[in-house]
Amino acid sequence: MIMLGLLGLDLFGLVVGVVTHLPSVKVESLEPSFDDPVTNVTAIAGDTVTLPCSVKNLKDYKVMWLDHRTKTLTLEARRIIADERITIERPDIGDWNLYIHGVELSDAGKYMCQVNTVPVKIKYVILTVHEPPEIIPELSSKEEVFVRESDTVQLVCNVTGVPTPTVRWYKKSTNRRPYGYNDKEMIGHDGMVLRIRNISRYCDDVYQCVADNGVNLPKSREIKVTVQFPPEIHLPTKKLSQAVGKETILNCEVTSNPSMYSAWTRDGITIQNSDKFKIDIYEDYKNTMTLSMKISDIQKPDFGVYRCEAQNEFGRDFKDFFLYELVTTTPSPSTPSAVTTTTPVHVYVFTWTPSVRTYTPRREYHSSRNGQPRFLPNNTFYLIGLLTTLSVIIK
């Protein structure tokens, strides 16, 4: 109770006291409080991240930050630990924000902004750190892989990132379009390994792995797969005739990888360019070329067997070409043909025209011998019509 006393003097010099009794008022002090009890923060590795903490009615209490290992980081505005990446920023009087410069994956976790009341008041800030996808060259396939035809090849694209990136594989198919145009198609299953079994020469191409986890841009890596195989020879024409004094061209298609040796030979001797022979090589398409040999002023000794052959470290192949002389013959003088005579042939053409008139035959008829009636069998049929005859003479 609060007593208020008022003293004064009356007309007779007596002290008059007035005492007033008032009800008591209980005054409660407001304690510190946070704006939000829990805050989630997501950052990308390498960036500067802010962990917010705003306190109302702090008064003389102290603010501390603890990391996810319950290690004290700051006390009021002072940094306690030696990590210089940690600072306290106070854009407003009630703000005690924790700044982490160059945030790392290991910084992820639950942080606590504490006020030393009794009991302690805590605000939790959950930090999630994402990392863009990255391809590790040392743990991935080389940029060019050599494999023999019919073998199994395994392409590896080792990636890191948070969250875990999805790895997709593409075949760029640079051989299908002219002028280096890339036609990319997705192949295989998602994953860091692409396995190709029983690989053929048609799988010889550029492969690309693309890693993506939604953080920044995807990362990619190209791997060139070279399929090696022994030579194969194809002759568009296996034999050809030509006249003496003329010229001709023999063509031979050679498909191989690698391309090491290919030539036209005769009797085991490699044919070289000369006045008689001229050899040109044309690149048709990938791993295939045409060996074209021109033979000028063909003479009798030039006719015979020519061989196209090719060889590399995986095998050898050959095909024979036959060049023979074209013999021209002069037609003999024409003789007058003998005159033949024909005898006219008399041909008769018979035409039957059925009647359209309805006729119902009688089974009874009279014999011309004795006039006695006779009956026809039940299976007797009658044809009524007109039979005409045409006489034709064929000479």
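Residues numbered from 1 in each chain as written. Predicted model: local features only at pLDDT ≥ 70, side-chain atom pairs only at ≥ 80, totals over all residues. Heavy atoms only, no water.

Observations concerning a nonpolar patch on the surface
Selection criterion: For patch detection, residues must exceed 30% relative accessible area and be free of salt bridges, and they are connected within 9 Å for like charges or within 5 Å for nonpolar side chains (Val, Leu, Ile, Met, Phe, Trp, Tyr). Areas reported as accessible are Shrake-Rupley estimates using a 1.4 Å probe. Residue values count occlusion only from the protein chains shown. Throughout this description, the term salt bridge denotes a Lys or Arg side-chain nitrogen within 4 Å of a carboxyl oxygen of Asp or Glu. Secondary structure elements follow DSSP: runs of H or I no shorter than four residues count as helices, runs of E no shorter than two count as strands, and numbering proceeds from the N terminus. With a 1.4 Å probe rolled over the protein chains alone, any residue whose accessible area is under 20% of its type maximum counts as buried; one over 50% counts as exposed, and the rest are partly exposed.
The grouping of Val38, Val120, Ile122 and Tyr124 at the surface amounts to a nonpolar patch, some 290 Å² of accessible area in total. Residue position: Ile122 is located in strand E13 (residues 121-135). Its relative accessible area of 30% is what places Ile122 among the partly exposed residues.

Regarding the nonpolar core
Let me state the cut-off plainly: Among buried residues, those of type Ala, Val, Leu, Ile, Met, Phe, Trp, Tyr and Cys that are joined through side-chain atoms within 4.5 Å constitute a nonpolar core.
Core analysis: the largest hydrophobic core is formed by 24 residues, its most contacted members being Leu51, Trp65 and Leu127. Listing elements by their share of this core, those giving two or more residues are strand E4 (38-44), strand E5 (49-51), strand E7 (63-66), strand E10 (86-89), strand E11 (97-100), strand E12 (109-115) and E13. In terms of nonpolar packing, the next biggest core, distinct from the first, is built from 20 residues, Leu235, Met289, Leu291 and Tyr306 among them.

Concerning the sheet that holds E11
Our working definition: The criterion for strand pairing is that DSSP finds at least two bridges linking the strands in question. Interaxial angles span 0 to 180 degrees and are taken between N-to-C directions of axes, which are lines fitted to C-alpha atoms, for helices over the stretch in contact.
Here we have three strands laid out as an open sheet, ordered E5-E11-E10, and antiparallel in their pairing. Pairing within the sheet leaves two strands with one partner each, and these edge strands are E5 and E10. The sheet shows a mean angle of 30° between the axes of neighbouring strands, taken without regard to direction. Taken together, the three bridges between E5 and E11 define a ladder with antiparallel strand orientation.

Quick look at the packing of aromatic side chains
The cut-off we apply is this: Two rings from Phe, Tyr or Trp (for Trp, the six-membered ring) form a pair when their centres are within 6.5 Å of each other. A pair whose planes differ by under 30 degrees is stacked, one over 60 is edge-to-face, and the rest are tilted. Only lysine NZ and arginine CZ atoms are considered, and such an atom sits over a ring when it is within 6 Å of the ring centre and within 35 degrees of the ring normal.
Taken as a whole and judged by the stated rule, the model has two aromatic pairs. Judged by centre distance (6.4 Å) and plane angle (85°), the rings of Trp264 and Phe321 are edge-to-face. Residue Trp264 is located in strand E24 (residues 261-266), and its partner Phe321 is located in strand E29 (residues 315-325); the two are separated by 57 residues in the primary sequence. Both residues of the pair, Trp264 and Phe321, belong to the buried class. Over the face of the ring belonging to Tyr124 we find Lys110, whose NZ or CZ atom lies 5.0 Å from the ring centre. When the ring centre of Tyr306 is taken as reference, the NZ or CZ atom of Arg266 above it lies at 4.8 Å.

Focus on the pattern of salt bridges
A full pass over the atoms with the stated rule returns 20 salt bridges. Salt-bridge contacts for Glu134 lead to Lys219; the nearest nitrogen and oxygen are separated by 3.0 Å. Here the residue Glu134 occupies a position in strand E13, and Lys219 occupies one in strand E21 (residues 219-234), the gap between them amounting to 85 residues. Looking at Glu134, the relative accessible area reads 39%, which means it is partly exposed.

Some thoughts on the state of the cysteines
Our working definition: Working definition: a disulfide is two cysteine sulfur atoms within 2.5 Å of each other.
Evaluated as defined, the whole model comprises three disulfides. Here Cys53 pairs with Cys113 through a disulfide, and the sulfurs are 2.0 Å apart. Judged by the sign of its S-S torsion, about -75°, the bond between Cys53 and Cys113 is left-handed. Of this pair, Cys53 sits in the loop between E5 and strand E6 (55-56) while Cys113 is found in strand E12, placing the two residues 60 residues apart along the sequence. As far as the burial class goes, Cys53 and Cys113 line up, both buried. If you count the bonded cysteines of the chain from the N-terminus, they pair up as 1-2, 3-4, 5-6.

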